[in-house]
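Geometric and topological summary
Here is how the chains run, residue by residue.
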Amino acid sequence: MTRGYHDIGGNAAGAIPIVELPWLQWEKQVEAIRNLLGDGTRRMMSLDELRRGFESFGEDKYKKLSFYRRRIEAMIDVLIEKEVFTREELDAAIADARARWETPVPCQP
Amino acid sequence: MSDQEHTHDHAHSHDHAHDGHEPLVVEDEAGNIEGQILVDALQTLLVERGLVFPGEVRREIERIEAPGVHLGAKIVARAWVDDDFRTRLLADGKSAVAELGIGVGEAQLIVVANDADTHNFVCCTLCSCYPRSILGQPPAWYISKAYRARAVREPRAVLEEFGLVLPDGVRVLVHDSNADMRYLVLPQRPKGSEGLGEDQLAGLITRDCMIGVSVVGPVA
Amino acid sequence: MIPRFDAGDRVLVLDLGKSGHVRTPFYVRRHSGVVLHRCGAFLNPEDLAIGNVAGPVVPLYRVGFAMTDLWKDYRGLPADMLCIELYDHWLNPVEAAVRAD
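Note that the coordinates shown come from a computational prediction; the quantities given were computed from them, not determined experimentally.

About the thresholds
All residue numbers refer to positions counted from 1 along the written sequence of the respective chain. Chain letters start at A and ligand numbers start at 1, both assigned in the order the entries are written. Side-chain atom pairs in this predicted model are given and counted only at pLDDT of 80 or more, local residue features only at pLDDT of at least 70, and totals for whole chains, interfaces and linings cover all residues. Working from all heavy atoms in the structure, the side-chain values ignore hydrogens and water. UniProt positions are given in the numbering used here, feature names are shortened, and annotations may be inferred rather than shown by experiment. Strands are runs of DSSP state E lasting at least 2 residues, helices are runs of H or I lasting at least 4, and numbering of each runs from the N terminus. Side-chain atoms within 4.5 Å are what join buried Ala, Val, Leu, Ile, Met, Phe, Trp, Tyr and Cys residues into a set we call a nonpolar core. Partly exposed describes any residue whose relative accessible area lies between the buried limit of under 20% and the exposed limit of over 50%, with all areas from a 1.4 Å probe on protein chains only and scaled to the type maximum. Segmentation into domains, and thus their bounds, comes from an automatic or database assignment. By definition in these notes, contact holds between two residues if any of their heavy atoms fall within 4.5 Å. If DSSP finds at least two bridges between two strands, the strands pair. Only C-alpha atoms enter the line fits that serve as axes; for helices the fit covers just the stretch in contact. Angles between N-to-C directions range over 0 to 180 degrees. Cavities and pockets were defined on a 1 Å grid built from protein atoms only: a cavity is a group of points that admits a 1.4 Å probe but offers it no way out, a pocket is an open group of points flanked by protein on both sides within 12 Å along at least five of seven lines, and a lining residue is one with an atom within 4 Å of any such point. Grid points are joined across faces, edges and corners, and a volume is the space filled by probe spheres set on the points. Polar here means any residue other than Ala, Val, Leu, Ile, Met, Phe, Trp, Tyr, Cys and Pro, which are nonpolar, and Asp, Glu, Lys and Arg, which are charged; Gly is therefore polar. Using a 1.4 Å probe, buried area is obtained as the accessible area two parts lose upon being combined, added over both of them. One speaks of a salt bridge when a side-chain nitrogen belonging to Lys or Arg is within 4 Å of a carboxyl oxygen belonging to Asp or Glu. What qualifies as a polar contact is a pair of N or O atoms within 3.5 Å, subject to a donor-acceptor requirement within protein and to the restriction that residues adjacent in sequence count only when both atoms come from side chains. Only four residue types enter the tally: Lys and Arg on the positive side, Asp and Glu on the negative side; His and the chain ends are excluded.

1. So, the UniProt feature "domain: Nitrile hydratase alpha/Thiocyanate hydrolase gamma" (unreviewed entry) in chain B
- Following the UniProt record, one finds the feature "domain: Nitrile hydratase alpha/Thiocyanate hydrolase gamma" (unreviewed entry) at residues 36-213 of chain B.
- Between the end C-alpha atoms of residues 36-213 of chain B there is a gap of 33 Å, over a span that is 44% helix and 13% strand.

2. Points about the nonpolar core
- Counting residues in each nonpolar core, the largest one holds 124 residues, and the members touching the most others are Phe85 of chain A, Tyr147 of chain B together with Leu82 of chain C.
- The element contributing the most residues to this core is helix 4 (residues 67-81) of chain A, with nine residues.
- Taken domain by domain, the makeup of this core includes at least three residues from each of domain 1 (3-64) and domain 2 (67-211) of chain B.
- Beyond its immediate chain neighbours, meaning those up to four positions away, Tyr147 of chain B contacts Ile16 of chain A together with Phe121, Val122, Cys123, Trp141, Tyr142, Val158, Phe162, Ile211 and Val213 of chain B.

3. Some details on the sheet that holds strand 2 (residues 32-43) of chain C
- Read across the sheet, seven strands follow the order 2(B)-3(B)-4(C)-3(C)-2(C)-1(C)-5(C) without closing on themselves; strand pairing throughout is mixed. Strands at the two margins of the open sheet, each flanked by one partner only, are strand 2 (118-123) of chain B together with strand 5 (91-93) of chain C. Each strand of the sheet is rotated relative to its neighbour by a mean of 35°, with strand direction disregarded.
- Of the pairings in the sheet, the one linking strand 3 (residues 57-66) of chain C to strand 4 (residues 81-87) of chain C comprises seven bridges and is antiparallel in character. Each bridged residue has a counterpart across the sheet, and for Phe65 of chain C the counterpart in strand 4 of chain C is Leu82 of chain C.

4. Brief notes about empty space enclosed by the protein
- Scanning the entire structure with this criterion turns up one cavity of 30 Å³ or more.
- Of the pockets and cavities examined, the largest cavity occupies roughly 50 Å³.
- Around the largest cavity sit Phe54, Tyr62, Phe67, Arg70 and Arg71 of chain A together with Cys127, Ser128 and Arg148 of chain B, which together line it.
- The element that contributes the greatest number of residues to the lining of the largest cavity is helix 4 of chain A, accounting for three residues.
- Taken together, the residues of the lining of the largest cavity sort by class into four nonpolar, one polar and three charged.

5. Thoughts on the interface of chain B and chain A
- With 64 residues of chain B at the contact, the number on the chain A side is 58 residues.
- Between chain B and chain A lies a buried interface of about 5,700 Å² when both sides are counted; carbon and sulfur atoms form 65% of it.
- When the area that chain B buries against chain A is broken down by residue, the three leading residues are Ile37, Leu38 and Leu42 of chain B, summing to 10%.
- Here chain B is connected to chain A by six salt bridges.
- Between Glu56 of chain B and Arg42 of chain A there is a salt bridge, with its nearest N and O atoms 2.9 Å apart.

6. Regarding the domain arrangement of chain B
Residue and element names in this part refer to chain B.
- Under the domain assignment used here, chain B contains domain 1 (3-64) and domain 2 (67-211).
- Between domain 1 and domain 2, the residue contacts involve five residues of the former and five residues of the latter.
- Both faces combined, the contact of domain 1 with domain 2 buries some 440 Å², and carbon together with sulfur accounts for 63% of it.
- Applying the counting criterion to the domain 1 and domain 2 interface returns zero residue pairs in polar contact (both at pLDDT 80 or more).
- Across the side of domain 1 that touches domain 2, the residue classes break down as two nonpolar, one polar and two charged.

7. Quick word on the side chain of Arg34 of chain A
Residues and elements named next belong to chain A.
- Position of Arg34 relative to the elements: it lies in helix 1 (residues 25-38).
- The charged side chain of Arg34 is buried without a salt bridge, its nearest counter-charge being Glu31 at 5.0 Å.
- The contacts of Arg34, once residues within four sequence positions are left out, are Met45, Ser46, Leu47, Leu50, Arg71 and Met75.

Given below as structure tokens:
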């Protein structure tokens, strides 16, 4: 079976969801970081490496994640594979980021 | 979209009849917060390791926010008023748009022209390739599963969903943007626009006309 | 690598059975089409996907397929066409004898 789950050209599908959605801050950050990692100075991750990431992380995950979630999850997988950081280091950074997000910041007068 | 709906979508991913709409997978509020936490964590690690400088992500966001439909519209309007430019544009898109000060970051730009006999439109079945440096980010429907799956198989039905019914005898060319080229549709100049200047013409041109799911309507 | 094909050549898309990241969608495999033009040469995405940037570069072509050939139940005009980019190693020449049918 060499047909990937992302290779959907010609499949039956319902009506096109003709909607316009805003481009969110975190989505912009994902795209910006992807560009920086792939730029001429860093050359750390090509677009094809990123695609390989979300084409191989499993169909269930692919189908339930949004476009930008797929991209960041794939980016993280590739960076861990390249030993830029470990899963444990990422988990610690996520815990820190979550704490920053969840700690209410009082308004300054 | 809630987790519950995720499960629902997945269970019915082949059952496209139940509400007539293929679900567009988007994050709900919790998912967006999770995405923000994840990308913040990643950014922190990359800055810590000196791979990305503080402030660089912000600057890159500003850079990718800058391109938009106005650039594509400028290209099309110039092609409508300048036949020599049009010829150069169709021969080598990237070089021609550089004359207008527009840089194409993608490998190459192929401009496909609509005429009385031919209607072009663009999709990407494998992911969601799109000429971001001249049209900005793709619309949500462009990255939807339904558009990616159906555009190459039933282009006329897809166009009809966008409200576009082609005149009899007009052939359709579908461009699957699958590798190193990116595509821009050069729409036909509308009837009644003869007296308009380049800037006014640019104002008539929408994103959807340059993807090819719409055409530029006649000028009243 | 010297491009093997030029505009007007009839080509058959191979089904190479490769696993991993490839850019030749399933729906054009085993179908024949006509080269529209040469796009130049590019690093192979199958190499790039695993971090190999050593090359070689591969010629890329835009190839057109009759919709009625891709989809037996196609509803539209016989002139409707699908245009897509394909790398050299996914293509074989179509012989004149095959061209007759």
